[in-house]
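A closer look at the structure
Take a look at the letters that make up each chain.
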Amino acid sequence: DAGVIQSPRHEVTEMGQEVTLRCKPISGHNSLFWYRQTMMRGLELLIYFNNNVPIDDSGMPEDRFSAKMPNASFSTLKIQPSEPRDSAVYFCASSRDSPNYGYTFGSGTRLTVV
Amino acid sequence: KQEVTQIPAALSVPEGENLVLNCSFTDSAIYNLQWFRQDPGKGLTSLLLIQSSQREQTSGRLNASLDKSSGRSTLYIAASQPGDSATYLCAETSGSRLTFGEGTQLTVNP
């Protein structure tokens, strides 16, 4: 298995532009999570999906952030409009729907908004 | 709200030393506890997963323990090597979410 695949690996954009981050979970995993990591706040859960349905989006910072999971093999996290304070590493993770299995993380997308 | 605390925040040891990293959590109803390693600029690599019914897990030079009653987990690294230098994160699962500690930054000096 190729693991959790995220793209792009790095993104540099200007303030005000739309940014879309992509994630392909591991096949057979039915839960998908988006995390954000910063020096100040560590790892924060933004949103998670179970069977393609958003279950908890309480971590999404504001209306500028949105996430979708149109099918079991693809999810996007969109920021529109982007701001410099959105600069962070965004991780996607997936797991099976059982506490007996752990979480597998992608390599992350390093976003820089200038 | 679940909280996970890791002590120490940073640790520097000479090569070959055995060491222990500590993790404490407030939620006694956890499903499992997972230890991750993160190298600078990289993603998270899962090291060990301890289910709530287990007391410990071992992988090579790593041993992780779980004590739900006291809300503590430890990661023991035997015969440390410079290649072990990284940030180590523990995370507890309750429900369907992972709650992370802030990590311990480990430096193993040759």
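We now turn to the structure provided with this report. (Residues numbered from 1 in each chain as written. Chains lettered and ligands numbered in written order. Predicted model: local features only at pLDDT ≥ 70, side-chain atom pairs only at ≥ 80, totals over all residues. Heavy atoms only, no water.)

What to know about the interface of chain B and chain A
Going by this rule: We call two residues contacting when some pair of their heavy atoms lies within 4.5 Å. The quantity reported as buried area is the accessible area (1.4 Å probe) lost by two parts once they are put together, taken as the sum for both. Within this document, salt bridges are pairs made up of a side-chain nitrogen of Lys or Arg and a carboxyl oxygen of Asp or Glu, the two lying within 4 Å of each other. N or O atoms closer than or at 3.5 Å make up a polar contact, with two conditions inside protein: a donor-capable atom paired with an acceptor-capable one, and, for residues adjacent in sequence, both atoms drawn from side chains. Helix and strand labels come from DSSP, where a helix needs a run of H or I of at least four residues and a strand needs a run of E of at least two; each type is numbered from the N terminus.
Contact with chain B, which involves 18 residues of that partner, is made by 18 residues of chain A. Taken together, the two surfaces of chain B and chain A that pack against each other cover about 1500 Å², and 53% of this comes from carbon and sulfur. Joining chain B to chain A, the criterion identifies zero salt bridges. Connecting chain B to chain A are three residue pairs in polar contact (both at pLDDT 80 or more). Within the residue set of the side of chain B that touches chain A, elements represented by two or more residues are β4 (32-38), β5 (44-51), β9 (86-94) and β10 (97-100) of chain B.

Focus: the environment of A:Asn51
Residue and element names in this part refer to chain A. Selection rule: Under the scheme applied here, a residue whose accessible area is under 20% of the maximum for its type counts as buried, over 50% as exposed, and between as partly exposed, the area being computed with a 1.4 Å probe on protein chains only.
Here Asn 51 shows up in the loop between β5 (42-50) and β6 (53-56). Take Asn 51: its relative accessible area is 45%, and that puts it in the partly exposed class. The spatial distance from the C-alpha of Asn 51 to the C-alpha of His 10 is 28 Å, given a sequence separation of 41 residues.

Points about the sheet that holds strand β7 (residues 62-67) of chain B
Residues and elements named next belong to chain B. Heads up, the condition is: Here the rule is simple: two strands pair whenever DSSP picks up at least two bridges between them. Simply put, an axis is a line fit to the C-alpha atoms, just over the touching stretch for a helix, and the angle between two N-to-C directions goes from 0 to 180 degrees.
Taken in spatial order, the five strands make up an open sheet running β1-β3-β8-β7-β6, and their pairing is antiparallel. A single partner strand is all that each edge strand has here, and the edge strands are β1 (4-7) and β6 (56-59). For this sheet, the mean angle separating the axes of adjacent strands, direction not counted, is 15 degrees. Judged from the four bridges that link them, β1 and strand β3 (residues 19-25) form a sheet pairing that is antiparallel. Each residue of the ladder has a partner; that of Val 4, found in β3, is Phe 25.

A word on the pattern of salt bridges
Residue and element names in this part refer to chain A. Evaluated as defined, the whole model comprises ten salt bridges over all chains. For Glu 62, the salt bridge is made with Arg 85, and the minimal N-O distance between the two is 3.2 Å. Here Glu 62, found in the loop between β6 and β7 (65-71), pairs with Arg 85, found in the loop between β8 (74-79) and β9 (88-95); they are 23 residues apart in sequence, far enough to count as distant. A salt bridge links Arg 64 to Asp 86; the nearest nitrogen and oxygen atoms lie 2.7 Å apart. Taken together, the residues span a long stretch of sequence, with Arg 64 in the loop between β6 and β7 and Asp 86 in the loop between β8 and β9 at a distance of 22 residues. Among the ionic contacts, a cluster of salt bridges with common partners joins Glu 62, Arg 64, Glu 83, Arg 85 and Asp 86.

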